[in-house]
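# Coordinates in review
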Amino acid sequence: MSNATKDLAANGVSVWLDDLSRELLESGDLQKLIDERGVVGVTTNPTIFANALSKGDRYQDQVDALAKKNADVDLAVFEITTDDVRSACDVFKPLFDNTKGQDGRVSIEVDPRLARDTAGTIDSAKKLWATVDRANAMIKIPASVEGLPAITAVIGEGISVNVTLIFSLERYRAVIDAYLAGLEQAKAKGIDLSTIRSVASFFVSRVDTEIDKRLTAIGSDEALALKSKAGLANAQLAYQAFEESIATARWSELAAAGANVQRPLWASTGVKDPKLPDTLYVTELVAKDTVNTMPGATLEATFDHGVITGDTVTGSYAAATATMDALANAGVDYNDVVNLLEVEGLDKFEKSWGELLGSITDELERAKARVSE
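Residues numbered from 1 in each chain as written. Predicted model: local features only at pLDDT ≥ 70, side-chain atom pairs only at ≥ 80, totals over all residues. Heavy atoms only, no water.

Structurally, leucine 341 can be placed in helix α17 (residues 334-372). For the pair leucine 341 and aspartate 111, spaced 230 residues apart in sequence, the C-alpha separation works out to 19 Å. What leucine 341 contacts, discounting residues up to four positions off in sequence, is Phe167, Arg206, Val207 and Glu210. (Helix = DSSP H or I, 4+ residues; strand = E, 2+ residues; numbered from the N terminus. Contact = heavy atoms within 4.5 Å.)

In structure tokens form, the structure reads like this:
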């Protein structure tokens, strides 16, 4: 294992892989990433599943079986994705046990078409949790306004949740509140709080991509000097909000009852601008009680040449605040940026879901033709 991988773990950062496929599972490559790269969890989303299904033929036998049962496309997608997540949970079970439930986690997302449907999201989360039937699963729920009460309700049922698509500090604070309210509901029902885990996925590189585009359009020297600084500053201030939340009497009472902190998870950590260091969103976001979920290329870059210099977050709040103030003075509308990114993020996942449904529909049709021959 590389020094970077070890150093991240030593500084309280869990390395999760932002990828999952049957190829990774059946080839043994996922186990190799655990053994050789220090990967301790996996996250998935509709885009990842769509990509997995477009490669190779490892899903053909299951698709054939589903076609014989006359399964519709929604059932087929549900069975295929939950099977992959269940298998990954089993691979990670030893890590889950060794970390007392903190890591060894595998996330699966509710149908993104439900992002504006609170009741539908709750029902979908419960169904996914029951179907995967593994204590180390996590159900991904987007941090839309409608998702917030769903997060509370699902946590309140004792289900572990990965809250996704967080871009703004205001929304992140609302996510923290939704988690705490869920824990309070679970406590009132007599559920063992120590069995509930949650991460809050705060997106990084997409913030830079959008803000840098606006800074380029503004074009002043002051604006151009701020490029590629917003994503890190935003994330660093999110960690400050996390620290503030666990310094409250409300949190202390829940912690005394066995609750676990909702760890900030740095998502969208692949660097989009080739002029930037390819490990930027790893080395500059090191702090205890965090997760960094990396696409494969970022994981390999970190393993190969990442240099971890210790905590790069907790001393950064004044500078991060100054960066955000300077962006506002330059003419960047933060609220407009984060609102746009949320809409785009939800649209992107829904589009990927549509592509996933389309590819499975095609596979089912081909399978039916094979079966009838």
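We are not done yet, so read on.
This brings us to the pattern of salt bridges. Inspection of the entire model under this criterion finds 24 salt bridges. Among the ionic pairs, arginine 171 bridges to glutamate 342, the shortest N-O distance being 2.7 Å. Remark: glutamate 342 occurs in helix α17 and arginine 171 occurs in helix α9 (residues 169-188); sequence separation between them is 171 residues. The exposure class assigned to arginine 171 is buried, which follows from its relative accessible area of 17%. Note on glutamate 342: relative accessible area 12%, which makes it buried. With its nearest N and O atoms 2.8 Å apart, the salt bridge here joins glutamate 184 to arginine 250. With glutamate 184 in helix α9 and arginine 250 in helix α13 (residues 249-256), this pair connects stretches of sequence that are 66 residues apart. The exposure class of glutamate 184 is partly exposed, given its relative accessible area of 32%. When salt bridges with common partners are traced through the structure, they connect Arg116, Glu146, Arg171 and Glu342 into a single cluster. (Salt bridge = Lys/Arg side-chain N within 4 Å of Asp/Glu carboxyl O. Buried < 20%, exposed > 50% of the residue type's maximum accessible area, 1.4 Å probe, protein only.)

Among the nonpolar cores identified, the biggest contains 121 residues, and Tyr172 and Leu183 are the most heavily contacted of them. Take this core: its biggest share by element is eleven residues, from α17. Leucine 183 has contacts with Ile155, Leu193, Ile196, Trp251, Leu254 and Ala259, leaving out every residue within four places of it along the chain. (Core = buried A, V, L, I, M, F, W, Y, C linked by side-chain atoms within 4.5 Å.)

What follows concerns the layout of surface pockets. Taking a probe equal in size to a water molecule and rolling it over the atoms shows the remaining empty space. Considered as a void within the structure, the largest pocket measures approximately 800 Å³ in volume. What lines the largest pocket is a set of 37 residues, and nearest its centre among them are Asp18, Asn45, Thr47, Ile48 and Arg206. Those elements that provide at least two residues to the lining of the largest pocket are α4 (46-53), β5 (161-166), β6 (198-203), α10 (205-218), β7 (263-267) and α17. Broken down by element, the lining of the largest pocket gets its largest block of residues, five residues, from α17. (1 Å grid on protein atoms, 1.4 Å probe; cavity = no way out; pocket = protein on both sides within 12 Å on 5 of 7 lines; lining within 4 Å. Points joined across faces, edges and corners; volume = space filled by probe spheres on them.)

The values reported here are purely geometric and, on their own, carry no functional implication.
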